[in-house]
Each structure stands twice: as C-alpha cells, then as structure tokens.
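# Commentary on secondary and tertiary structure
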Amino acid sequence: MTALSLAFTKDLFASVMLTGIYSLLSAGFFVLMDAVDVAFTEAAVGAGISTILMLTTLTMTGRFENRKLHHPKIALSVVIVTGIMLVMGTVDMPAFGSPSAPAQTHVAPYYIQQSAQDIDIPNIVTSVLASYRGFDTFGEVVVVFTAVIGVLALLEFARVERADSEKPVPMLQHKILRIVSKILIPPIMLFALYVQFHGEYSPGGGFQAGVIFASSIILYAMLFGIEQTRKAVSVPVVKVLSALGVLIYGSVGIASMLNGGTYLNYSVLAENDVTGQHIGIIVIELGVGITVATAMILIFLTFARRIGKTEEETA
Amino acid sequence: MNFLEQYNYWIVILLMMSGFYIVIAHGNLVKKLMGLTIFQTSVFILYISISKVIGGTAPILDDQYEVYTNPLPHVLILTAIVVGVATTALGLALAVRIKEAYGTVEEDVIQEKDLQQEGSTE
C-alpha cells in the first residue's frame, strides 16, 4: 500500500507524490462505496490542492529529512498494540454493507424518504448538507474562513516589504505547457460553475466547485508566476470575497428569521415551502463556493509569495 | 456472524496505524503533517464504509432505484475534507514559520536550540 511506502521514504518530495497517489486511490474507494460527492471532493482536494501546498512548503523547508527516527521500536510497538486493540474492538461492529446496521436505521431513512417531498431535489447529499444540516455546514465554512485568517496572520502580515526584484518565471520556457493550460483554464472555470449550479441534480456543490475554481487560478499562478497572478486577481478583493461568502450564508439564516421562521429554515423564504428550500440552498451553496474558492486561492498565493522571502532570510 | 465481513475496519486500522506511526516516529514536522493526513483519510474511509449498503446506489433520487446508500456520512466527510485541507494549510504555515525562526523543521534540532537558549539566558 502507498501509505506503507510513505512511512519509509526519506525523500520528502517522493512522499508528497505518494500522498497525491494515495488520495486519488481513496477517491476510487469512495466511488466504489457509492459516495460520489465525497470522491469528487477528495480527488480535487487531496490529489490537487494539498499536494501543491505540501510541495510549496517543501521548497521552503528543504527536501530531505533527518535519517534518525525517534525510538522506532517503541513507536512501532505502540502502533501495533493500538492496532490490535482496535481490531479487537471491531468484533462487535456490524458487517460491511449490512442494511440493518445502527447507522442505517437512525435518521438516514428519514432523509432518503422525506427529502423528495420536503426539498424536491434529487441529490440527497446536497439537501442534507444545505438544509437539514445547514448549521453544521455553516460551522465548517466558518472553520475554513478561520484557517485562512490564521494562515494570513502567520505568513502574510509578518513579512517585511522588499523592493520588487523581477524574478524569472520558472515555467516560462515550457511553451507547450503554457499554451495547453491557456486553453484549459477557461473550461475548468466553466466546469466549476456548472458543478456549483448543478449540485442539486448531480454530484457537486459549493465545496467542490470552490476547489475546482481555485485550482484553475493556481494553475495559472504556477505557469505565469505569482506576481502576474496578483495583477490578474486582486488580493484585497479576494479577501473581501472570502468574508462575503460567510456573510451570504449567515444572512440567509437571518433572512429566514425575519420571515418568521427559525435560523436557516428556508421554507419561509417563499410562498411555497419547496421553492423556499430551493432558493435557500442555491444561495448558501453560492456562499460556500465563494468562501472555499477564495480561501484556497489566498492560501496558495500566501504560501507561494513566501518562497522568495525564506530563501533570502536563510541565505 | 462471519469474521471476514468486517474487512473494511481492518483496512481502516492498517491505514490509521501507518499514519500514527509516521506521526510519532518521524522528527520532520512536514512529514508528521503527512502522517496526520493519512490518519485523517483513514477516518474518512471508515465513515464512508459505514454508510455503504450492499446493493444500494449513490444517494441521488431516481425512479429506477429503491435502495440508497446512507447520505449523512457523505455530508460529514465532504465538509471534513475541505476543512482538513484548510487546517493542514495552517499547520504547514506554522512549519514555515518555525523554519524561519530556527532554520530547521527537525524536532530534535529545535529542542536542542531551545535548550541552548535557556542555558545562555540563565
């Protein structure tokens, strides 16, 4: 398994590539287990964004790790003992795929049977995400937003402004890459918008769309350089947008309260309950999409900007 | 009840433990974060494998199908993946700052430098 080889490579570059492969494989697992939405997200996030972030960090922290392990024998025995205990714990667990398992008999049947009447959109994952569990999703969006603030606080504000020295753009000499990606970037953005607005009928939604949209910008940044991207995409605007996404989500909740419902109860937003749900879901998915896309772009740009600086400081 | 029917948990445990091993045995902070990512993904697989129903199909309503896989874990994990990458980015940002402050991301070297500093101030 990829995970095992990961544990034993010293070359961090190779391990990053292995994590990418591992993510793609687990996306495959998810499809096999019918979780198409999750697979979609994992493929976009795990194999794309997080691999790029790890690589960016490696350019700053060095490629090779120290040979020495901390008490590898103790560590290994701790791991094996924990593993055995966990395996013993599984004896009482329901069998794989059993329809009578507790997880299948609690609220899930309600979602599967009622969501057609209550919300009337085919993708149950979207209706649970945006409507039944709207509070959780709001929390997650806030967490993403907070993480961005953290990254910015750690890497962006602490830096010292330096004179803009024109660095050669690393990928400029690869003509084929540049032309192919110039053709690819607009369709990727278009696909992101499709995923965003078609999330009610097919796998997809704000989270996936945001990540896909961000990856098109990141592709542009990798090929044409960070400064060029900063000219094309105004960073202050991106920052405001990421807050705006959270604001949109939150205000939908307030709007439903003003209409006499409870927080994030979309049924009161229109004359008809179902129409109200549709409006609510589309608007909050938009908020989610905006926040996630801008969050990923901001994180990447902040990391990439840092590269030159770390080299100067350590030199 | 057949013992082999629980193979999904065993795969999860194997993955989880390899992630755990990386976290405790490796000194490099970036490598530790990779271990955490593996650990995290194993939890994702655990949730998704619990949601699977034999003979079910993806939870998108259609007249042709009767049995659907449980959508709730999908929702939880879907958001967890995106949150996961955001928090990993935060961790990597910390690693970058540590590299700038100490010139290394190896745990034992950082510890030595801390001890030296304490010694010099006393």
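Rules of the game
Residues numbered from 1 in each chain as written. Chains lettered and ligands numbered in written order. Predicted model: local features only at pLDDT ≥ 70, side-chain atom pairs only at ≥ 80, totals over all residues. Helix = DSSP H or I, 4+ residues; strand = E, 2+ residues; numbered from the N terminus. Rg over C-alpha atoms; globule rule 2.2 N^0.38 Å. Contact = placed C-beta atoms within 7 Å. Buried ≥ 20, exposed ≤ 12 C-beta atoms within 10 Å, placed from the backbone. Core = buried A, V, L, I, M, F, W, Y, C linked by C-beta atoms within 7 Å. Nonpolar A, V, L, I, M, F, W, Y, C, P; charged D, E, K, R; others polar. pLDDT = per-residue confidence, 0-100. Domains from an automatic or database assignment. Expected span 1.5 Å × (residues − 1). Bend = angle between axes of the 7 residues up to and from the residue.

We now examine the overall build of chain B. Assigned secondary structure in chain B consists of four helices and zero strands. A compact globule built from 122 residues should have a C-alpha radius of gyration of about 14 Å, whereas chain B, at 21 Å, is more than 25% larger. Along the three orthogonal principal directions, the C-alpha set of chain B runs to about 75 × 30 × 20 Å. Restricting to contacts in chain B with at least 6 residues of sequence separation, those with at least 24 account for 41%.

A tally of regular secondary structure across chain A gives 13 helices and zero strands. Per-residue burial for chain A yields a buried fraction of 41% across its 315 residues. For chain A, long-range pairs separated by at least 24 residues make up 69% of all intrachain contacts whose partners lie at least 6 apart in sequence.

Glancing now at the nonpolar core. Of all hydrophobic cores here, the largest spans 109 residues; its most connected members are V144, V211, M296, I299 and F300 of chain A together with V82 of chain B. Looking at which element gives the most residues to this core, the answer is helix α3 (residues 71–102) of chain B, with 16 residues. In contact with F300 of chain A, not counting residues within four places along its chain, are I52, L53, I218 and A221 of chain A.

This brings us to the interface of chain B and chain A. One frequent convention defines the size of an interface as the accessible area lost when the parts assemble. Across the contact, 71 residues belong to chain B and 81 residues belong to chain A. The set of elements that each furnish at least two residues to the side of chain B that touches chain A consists of α1 (7–25), α2 (29–51) and α3 of chain B. Among the elements that take part in the side of chain B that touches chain A, α3 of chain B stands out by supplying 24 residues, more than any other. Taken together, the residues of the side of chain B that touches chain A break down into 43 nonpolar, 20 polar and eight charged.

With that settled, consider the confidence of the model for chain A. It should be kept in mind that the predicted coordinates are not to be read in detail where pLDDT is low. Residues and elements named next belong to chain A. With 82% of its residues at a pLDDT of 70 or more, chain A shows a mean pLDDT of 74. By mean pLDDT, helix α1 (residues 2–8) is the weakest element of chain A at 53, and helix α8 (residues 134–156) is the strongest at 83. Taken together, the stretch residues 160–166 has pLDDT below 50 and engages in zero contacts with residues farther than four places along the chain or on a different chain.

You can read the domains of chain A as domain 1 (1–93) and domain 2 (117–314). On the side of domain 2 of chain A, 18 residues touch domain 1 of chain A, which itself brings 14 residues to the contact.

Our focus in this paragraph is helix α9 (residues 175–197) of chain A. Residues and elements named next belong to chain A. Here α9 is 23 residues long and its end C-alpha atoms lie 34 Å apart, about the 33 Å a rise of 1.5 Å per residue gives. Of all the bends in α9, the largest measures some 30° and sits at L184, one to four residues before the proline P186. Taken residue by residue, α9 has A192, V195 and Q196 as its buried positions.

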